[in-house]
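Tertiary structure, described
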Amino acid sequence: MSASAVAADRSVCAPLPVLGRDVLVPLVTGGEVDYAALDYAASAPTLQRVWDDVAAYAPYYGSVHRGAGYLSQLSTDLFENSRRTIAEFLGCGTEDQVVFTRSTTDSLNLLAAVLPQDTRVFVFETEHHASLLPWEQRADVAVTYLNAPRTPQQAVDTLEKALAEREPYGPALVCVTGASNVTGELWPVRELAAAAHAHGARIVLDAAQLAPHHPVDITELDVDWVAFSGHKLYAPFGAGVLAGRADWLQAAAPYLAGGGASRKVSRRTDGGVDVEWHTTAARHEAGSPNVIGAYAIASACRALTEAGFDGLVAREQALITRVREGLAEVPEVNVLSLFGDDAARVGVLSFVVEGWNSSHFAAALSAEYGIGVRDGLFCAHPLVRTLLGSEPQEPGECGAPEAAPGERSLNAIRVSLGVGTPDEHVDRFLRAVKELVTNGARWNYHTEDGRCVPARSAG
């Protein structure tokens, strides 16, 4: 798509109102500017609609389940209705369960805890640490790490080969991201699910980066579970979701033992206790739940559905295309990719700049232009190391991360956007990149507590 076509497409859908849109931040060069939040992939700003819904409910907050008071009953209804809203948002079947957790990381650790004994887990090295690391916490679970594919078809072929060769043939789980938190590239989820099921395996989708940008339907994608976080889906507070098949969840011991997970507890004659656990989602939701967090996620699901994903996706694609075309005009910029320039992607993109350490560049974007991006390895160290394997870095520069023994210092810059991103923020970002590459930073920077920060004075 050409730049002119992108400009025309900007009328497809207006950005949704989000908190922080009018926050002013100081510039080291003087004055203030409205903050350009281009770090959606880490935590997206809260939709104004979601915040208003939460604020309206807050005075009526009460403990859920078993409470006889009016507020407790109201909160219980709201909590369980939120579960139903999210199930509908995800296209869950009638037998599927929606379990509330703290985050995507918590959701995948919960799934790891309920895996049957001797399950084999297959996971690409390209995953976020949330979906790369939980499985080895189980001594009775074997993990196979698959090399980074360079095309979507290679991903499917690699998985099929690994599943076909597994010994012994027993329970197996495939874990795959829907959209990379580093490159934004979409993965062939439906094809990977078909490969998994053809070989008697199940599959869990890490939708942390997919759900905020694209519809996620468990039935259509034919995945067994979906995990995502509220704070990436334009909701505040620490809440997440694991949704999908109930059988492994029901068969395993509770993720946490305590009130809410138990239906009946009685003393035995030998002095111990007998426990009857719930078989519903409550089995893995012990303790007082984060009612407001669950309600916020449900509110975000309603807001995105009512706004219309088609228009939201079209506008985001126009913006990310503008970013890609703008960066392509700067020869010193190298955009990172697994699947190539033509790969479908959401509004997430990482790059490096020749002659700059990424931490230094990100610090200058913030201090001199009021633009918030992210630098580093993005909790996806194996993937970023693979993508940066031949990229030059300046380990002595401001903010350069410490390298492990025998390794070079590596980091990259990530820009990410979403439903609340205005056109001006993208334009300011591209202008800033070009000015920094052409003219250099206007301020001095130094390393402080491992971060690159502006010096007290320009000179």
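This report concerns the structure included in the present document. (Residues numbered from 1 in each chain as written. Predicted model: local features only at pLDDT ≥ 70, side-chain atom pairs only at ≥ 80, totals over all residues. Heavy atoms only, no water.)

The end-to-end C-alpha distance of helix α3 (residues 70–89) is 28 Å, a good match for the 28 Å that 20 residues give at a rise of 1.5 Å each. Regarding α3, the residues found buried are Ser72, Ser75, Thr76, Leu78, Phe79, Ser82, Arg83, Thr85, Ile86, Ala87 and Phe89. At its buried positions, α3 is contacted by α2 (48–57), β4 (97–101), β9 (225–229), β10 (240–244), α10 (291–307) and α11 (309–328). Once α3 finishes, Gly91 follows within two positions and takes phi at roughly 70 degrees, a positive value. (Helix = DSSP H or I, 4+ residues; strand = E, 2+ residues; numbered from the N terminus. Expected span 1.5 Å × (residues − 1). Buried < 20%, exposed > 50% of the residue type's maximum accessible area, 1.4 Å probe, protein only. Contact = heavy atoms within 4.5 Å.)

In this section: the packing of aromatic side chains. The full count for this structure, using the stated rule, is eleven aromatic pairs. With a centroid separation of 6.4 Å and 90 degrees between ring planes, the pair formed by Phe351 and Phe361 is classed as edge-to-face. One end of the pair, Phe351, is in strand β14 (residues 348–353); the other, Phe361, is in helix α12 (residues 358–369), and ten residues separate them in sequence. Given the relative accessible area of 0%, Phe361 is considered buried. Of the aromatic side chains, those joined through ring pairs into one cluster are Phe351, Trp356, Phe361 and Phe429. Here Arg166 stacks its cationic end above the ring of Tyr169, 4.1 Å away from the centre of that ring. (Phe/Tyr/Trp six-rings, centres within 6.5 Å; stacked < 30°, edge-to-face > 60°. Lys NZ or Arg CZ within 6 Å of the ring centre and 35° of its normal.)

A cis amide bond links Glu167 to the next residue, Pro168, at an omega of -5 degrees. Mapped onto the secondary structure, Pro168 falls in the loop between α6 (152–164) and β7 (172–177). Positive phi, close to 70 degrees, is recorded for Asp118, a residue that is not glycine. Located in the positive-phi region is Asp449, a residue other than glycine, with phi close to 55 degrees.

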